[in-house]
Structures are given as C-alpha cells and as structure tokens.
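Observations on the three-dimensional arrangement
Here is how the chains run, residue by residue.
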Amino acid sequence: MKTVHVAAAVMIRGDRVYATQRGYGEFKDKWEFPGGKVEAGETPEKALVREIKEELAADISVGKRLTTVEYDYPEFHLVMDCYLCSVDPHALKLLEHENAEWLTWRDFNKMDWMEADKKVVEAVKTFFKEAERKIM
C-alpha cells in the first residue's frame, strides 16, 4: 500500500481552532485541518508554510508538533504530522475549500470529519483541556 505523508496546521486563535471543509475530490464536504502533502526533500514545517499559502493565501508561523496520526484509507496509508500554528485570521482566503470555521473544541462533534482528522480532534481536545487546567 502506498504511503502518503502530509502535514496539517492546527491554527489556534484564543479558544478556537480553524477547520476547513473540502470542496473537491473523493472526500468533498468532509472537514479537516488544512495542510497538504510533504514533497520530497521538504520538512513537514516547510510543507505547511507552502500549502497554507497555496490553499488559504496566508502566511503562518509553525510551532510545536501536536501529534502524528497514521491511518489506513482504502487506497493509501496516511502519515499526518500536525503542528500548532498561528496566523492572522484576516489573511485567510478560501482558494480550494468550500467553507471554513473557527471552532471551539466543544463544537467539534457537530462536524463531519475526515477519518484521520478525528484523531487530531482528540489531540486538540486534550490540548485545550490541559490548557484550561493550567489556568484554574
């Protein structure tokens, strides 16, 4: 089975996370964290900067890795490195996605997520729950 390596941006603004809805392809209408394929010789961080520029016309700052998810889709094995990122929310423009939302982690259950992204959702929930505990 072919392995596809991608990087995903978990863009955080306060208590919200940016999610996008696919506008094309086999998984059209599913929700995901934006990003894309890591090209040969490229780091996941560099791929994220390039992909977010291509998909959302924005420059991001890539922070620490939140999680790495592996998932077997019928046609390929996915390895997805997910990074905490920051972005100017006014710079984001949907160039490839049909919709996007800034969600609180409590809103995640209302979205129809890509299967691999469901694992990222759990990591984001844990991240926010730990942040809340530190504040208290």
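Scroll up to find the structure this text is about.
Residues numbered from 1 in each chain as written. Predicted model: local features only at pLDDT ≥ 70, side-chain atom pairs only at ≥ 80, totals over all residues. Heavy atoms only, no water.

**A few points about the pattern of salt bridges**
To keep things clear, this is the line we draw: Only one rule defines a salt bridge in this text: a Lys or Arg side-chain nitrogen within 4 Å of an Asp or Glu carboxyl oxygen. Think of it this way: any DSSP run of H or I at least four residues long counts as a helix, any run of E at least two long counts as a strand, and we number them from the N terminus. Burial classification: accessible surface area is computed with a 1.4 Å probe over protein chains only, and a residue below 20% of its type maximum counts as buried, one above 50% as exposed, and the rest as partly exposed.
Throughout the structure, instances matching the rule amount to 12 salt bridges. The shortest N-O distance in the salt bridge between Glu 32 and Arg 22 comes to 3.2 Å. A residue pair is termed long-range when its members are at least 10 positions apart, and Glu 32 in strand 3 (residues 31-32) and Arg 22 in strand 2 (residues 16-22) qualify at 10 residues. With respect to burial, Glu 32 and Arg 22 carry one shared label: buried. Of the charged contacts, one joins Lys 28 and Asp 29 as a salt bridge, the two residues approaching to 3.2 Å between their closest N and O atoms. For Asp 29, a relative accessible area of 34% translates into the label partly exposed.

**Considerations on unusual backbone geometry**
Working note: non-glycine residues mostly have negative phi, and peptide bonds are mostly trans. A positive phi angle, near 80°, is found at Asp 29, a position not held by glycine. Examined against the element boundaries, Asp 29 turns out to sit in the loop between strand 2 and strand 3.

**Some thoughts on the environment of Thr 67**
This is how the line gets drawn: By definition, residues are in contact when any of their heavy atoms lie within 4.5 Å.
Assignment of secondary structure puts Thr 67 in strand 5 (residues 60-72). Take Thr 67: its relative accessible area is 19%, and that puts it in the buried class. Setting aside residues up to four positions removed in sequence, Thr 67 forms contacts with Met 80, Asp 81, Cys 82 and Ala 123.

**What to know about the pairing of strand 5**
Test applied: One requirement defines pairing of two strands: DSSP has to find at least two bridges between them.
Both strand 5 and strand 6 (residues 77-87) contribute to a ladder of 10 bridges, which runs antiparallel. Note on strand 6: the bridge partner recorded for Val 62 is Cys 85. Adjacent in sequence and paired antiparallel, strand 5 and strand 6 are bridged by 4 residues.

**Things to note about the environment of Ile 52**
Structurally, the position occupied by Ile 52 is in helix 1 (residues 44-56). Spatially, the C-alpha atom of Ile 52 lies 7.1 Å from that of Pro 34, the residues being 18 residues apart in sequence. Residues in contact with Ile 52, not counting those within four places in the same chain, are Ala 9, Met 11, Pro 34, Gly 35, Ala 57, Ala 58 and Ile 60.

Geometry only, nothing functional implied.
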